Amino acid sequence: MSFEPDRISQVVLRPVAADDEEGFLELARVSADLHHPWVRLPRTASSFSSYLSRSDQVTAVCMVLCRKDQGDLVGMININDIVRGPYQKGVLGYAVFLPYAGQGYMAAGVALAVRHAFEHLDLNRVEADIQPGNEASLRLVRRLGFRKEGFSPGFIKIAGLWRDHERWAFTRDMELPAVRRE
């Protein structure tokens, strides 16, 4: 396994904040075609406000991935649907912003998010539910060493349609993800 420590060292993952609204919304609008039909990000002030309030640090942790050098927003990563008790799990959601797609930043960010889930949230399991046609996201989880656990038809309703998803997971007993070259 070869590492890309340069990408990890170039980014930071932090909680999304009200001060991020203007930049986040502009980047979400510019990146809308890239994300369609896989994910729909907040693109209005009211939807961003709802997004912020959902990040209660108990059932959901919403974060932004930023370049360390200038603080540019690179993408967003959430740990959603956090369940405690015997489960100790969360579900990842993530999206890169243009112009940073395809440059390794999101792989570095998801690796940091998984580490955060285990080391700071004390979760045992992080899941990623991905539509079969979302090749970029499937490459990302494979690259990080997630395990494919199954296929669920009509699993999540997105943009009014029930969509099929592959289910991928990373558990605490697996080697923590490191960004690997393909």
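Fair warning: this is a prediction, and the values are worked out from it, not measured in the lab. (Residues numbered from 1 in each chain as written. Predicted model: local features only at pLDDT ≥ 70, side-chain atom pairs only at ≥ 80, totals over all residues. Heavy atoms only, no water.)

**Topic: the overall build of the protein**
Rule in force here: A run of H or I in DSSP counts as a helix once it spans at least four residues, and a run of E counts as a strand once it spans at least two, with each numbered from the N terminus. In this setup the radius of gyration rests on C-alpha atoms only. A globule is expected at 2.2 Å times the number of residues raised to 0.38. Only the protein chains shown count as cover for residues, with accessible areas throughout obtained via the Shrake-Rupley method and a probe of 1.4 Å. Positive charges are assigned to Lys and Arg, negative charges to Asp and Glu, while His and the chain termini are left out of the count. Charged groups are reduced to one reference atom each: NZ for lysine, CZ for arginine, CG for aspartic acid, CD for glutamic acid.
When helices and strands are tallied, the protein shows six helices and seven strands. When the helices and strands of the protein are read in sequence order from the N terminus, they spell out α-β-α-α-α-β-β-β-α-β-α-β-β. Its C-alpha radius of gyration of 15 Å places the protein within 12% of the 16 Å reference for a compact globule of 182 residues. A principal-axis box enclosing the C-alpha atoms of the protein has dimensions of 40 × 40 × 30 Å. Accessible area of the protein: about 9,200 Å², with a carbon and sulfur share of 52%. Of the charged side chains in the protein, 23 are positive and 23 negative, and the gap between their average positions amounts to 4 Å.

**Quick look at the pattern of salt bridges**
Put simply, the rule reads: The working definition used for a salt bridge is a side-chain nitrogen of Lys or Arg within 4 Å of a carboxyl oxygen of Asp or Glu.
According to the stated counting rule, one finds nine salt bridges in the structure shown. Here Arg14 ties to Asp20 by a salt bridge, and the two come within 2.6 Å at their closest N and O atoms. The closest approach of N and O atoms between Lys148 and Glu166, which form a salt bridge, is 3.7 Å. Residue Lys148 is found in strand β6 (residues 147–158), and its partner Glu166 is found in strand β7 (residues 161–171); the two are separated by 18 residues along the sequence. Bridged by salt links that share partners, the residues Lys89, Arg125, Glu127, Arg147 and Glu149 form one connected network.

**Regarding unusual backbone geometry**
For the bond running from His36 to Pro37, omega is 0°, close enough to zero to count as cis. Here Pro37 lies in the loop between α3 (32–35) and α4 (45–54). You will see that Asp81, though not glycine, has its phi angle at about 50°, which is positive. At Asp122, a residue that is not glycine, the phi angle is positive and equals roughly 55°.

**A look at the packing of aromatic side chains**
How two aromatic rings sit relative to each other is set out by the distance from centre to centre and by the angle between their planes. Condition: Between rings of Phe, Tyr and Trp, where Trp is taken as its six-membered ring, a pair exists when centres lie within 6.5 Å; planes separated by under 30 degrees are stacked, by over 60 edge-to-face, and by other angles tilted. Exposure categories follow from relative accessible area, calculated using a 1.4 Å probe and restricted to protein chains: below 20% of the type maximum is buried, above 50% is exposed, and the middle band is partly exposed. Consider the ring centre and the ring normal. A charge sits over the ring if Lys NZ or Arg CZ is within 6 Å of that centre and within 35 degrees of that normal.
Across all of its chains, the model carries seven aromatic pairs by this definition. Seen in terms of ring centroids, Phe24 and Phe97 are 5.3 Å apart; in terms of plane orientation they differ by 85°. Their pairing is edge-to-face. Of the two residues, Phe24 sits in helix α2 (residues 21–30) while Phe97 sits in the loop between β4 (89–96) and α5 (105–119), which places them 73 residues apart along the sequence. Looking at Phe24, the relative accessible area reads 0%, which means it is buried. Seen in terms of ring centroids, Phe48 and Tyr51 are 6.2 Å apart; in terms of plane orientation they differ by 55°. Their pairing is tilted. Taken together, the positions of Phe48 and Tyr51, both in helix α4 and three residues apart, correspond to about one turn of that helix. Classification of Phe48 by relative accessible area gives buried; the value is 0%. Aromatic rings pair up to connect Phe24, Phe48, Tyr51 and Phe97 into one cluster. Here the guanidinium or amino end of Lys89 rests over the ring plane of Tyr87, the centre of that ring lying 5.8 Å away.

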